Amino acid sequence: MSASVHLEPHIRDVPDWPEPGVVFKDITPLLADPAGFAYAVRSLAEPFAGRGITKVVGMEARGFLIGAPVALHLGAGFVPVRKPGKLPRATDSEEYALEYGTDRLEIHADAVGAGDLVLVIDDVIATGGTAAATVALVERSGATVVGLGFVIELAFLGGADKLAGHEHVSLLTYR
Ligand code: AMP
């Protein structure tokens, strides 16, 4: 791997957004910095290089921005997991709990299947609900989750506990 980049200065904290009490981790300065963006993509891909990853699954929307270049780096395909009603063909869906109420994620029913080795990528893991729902979608298809990767882990929210022992890589961990 070439020169390391200190990622933290490229993440902007936005207090009380999108709602009071939440500190939003804005990765757009990282995306705008070519060296930082390339370093983040390489750092998420390289732990999984040589492990036969066939598909990178990224969650709407910032998981697309990180997951797609990780897929290219690994020579894998990219599969989007989207919010309800966005994917045009037959989907499988998984509901997951939010602080108040529930949400749902969808994947094209034929996007991954038996024989696929999958890396799941998102920008942030917070409570872990999004990641756990995505793992459920992938595993229900018969594919294997090799691991997960996040730019940022909000470890004080305990999201990794929902990953059922799957290997995960986080580039920046806030405790
Ligand atoms: P969770 O399901 O609670 O782990 O939330 C993860 C999803 O919500 C990811 O797709 C993130 O993009 C987004 N997210 C949650 N909390 C934050 C935060 N503090 N800053 C930025 N994105 C967040």
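Everything below is about the structure printed above this text.
Residues numbered from 1 in each chain as written. Predicted model: local features only at pLDDT ≥ 70, side-chain atom pairs only at ≥ 80, totals over all residues. Heavy atoms only, no water.

Trainee: Please set out the sheet that holds strand 4 (residues 77-81) residue by residue, giving values where relevant.
Mentor: Spatial ordering of the open sheet is given by 4-3-7-8-9, a layout of five strands whose pairing is parallel. Edge positions in the open sheet fall to strand 4 and strand 9 (168-174), since each of these has one partner strand only. Each adjacent strand pair in this sheet contributes to an overall mean axis angle of 20 degrees, direction not counted. Two strands pair when backbone bridges link them, and strand 8 (residues 144-154) and strand 9 are joined in this way by six bridges, in the parallel orientation. When the bridges of strand 9 are listed, phenylalanine 150 appears paired with serine 170. Strands strand 7 (117-125), strand 8 and strand 9 of the sheet are contacted by helix 2 (residues 34-45), whose axis makes an angle of about 135 degrees with strand 9. (Pairing = 2+ DSSP bridges. Helix = DSSP H or I, 4+ residues; strand = E, 2+ residues; numbered from the N terminus. Axes fitted to C-alpha atoms, helices over the stretch in contact; angles between N-to-C directions. Contact = heavy atoms within 4.5 Å.)

Trainee: Outline the pattern of salt bridges, supporting the account with residue identities and numerical values.
Mentor: Summed over all chains, the structure comprises nine salt bridges. Ionic pairing is found between arginine 51 and glutamate 167, a salt bridge with its closest N-O pair at 2.8 Å. With arginine 51 in the loop between helix 2 and strand 3 (55-59) and glutamate 167 in the loop between strand 8 and strand 9, this residue pair connects regions lying 116 residues apart in the sequence. Overall, the relative accessible area of 34% leaves glutamate 167 in the partly exposed class. For glutamate 106, the salt bridge is made with arginine 104, and the minimal N-O distance between the two is 2.8 Å. Counted as one network, the salt bridges with shared partners bring together Asp92, Glu94 and Arg140. (Salt bridge = Lys/Arg side-chain N within 4 Å of Asp/Glu carboxyl O. Buried < 20%, exposed > 50% of the residue type's maximum accessible area, 1.4 Å probe, protein only.)

Trainee: Describe the pairing of strand 6 (residues 102-108), with residues and values.
Mentor: Direction of pairing for strand 5 (residues 91-97) relative to strand 6: antiparallel, over a ladder of seven bridges. For glutamate 94, the partnering residue across the bridge sits in strand 6 and is leucine 105. In sequence, strand 5 turns back onto strand 6 through a hairpin of four residues, with glycine 101 there showing a positive phi of about 90 degrees.

So yeah, pure geometry; function would need other evidence.
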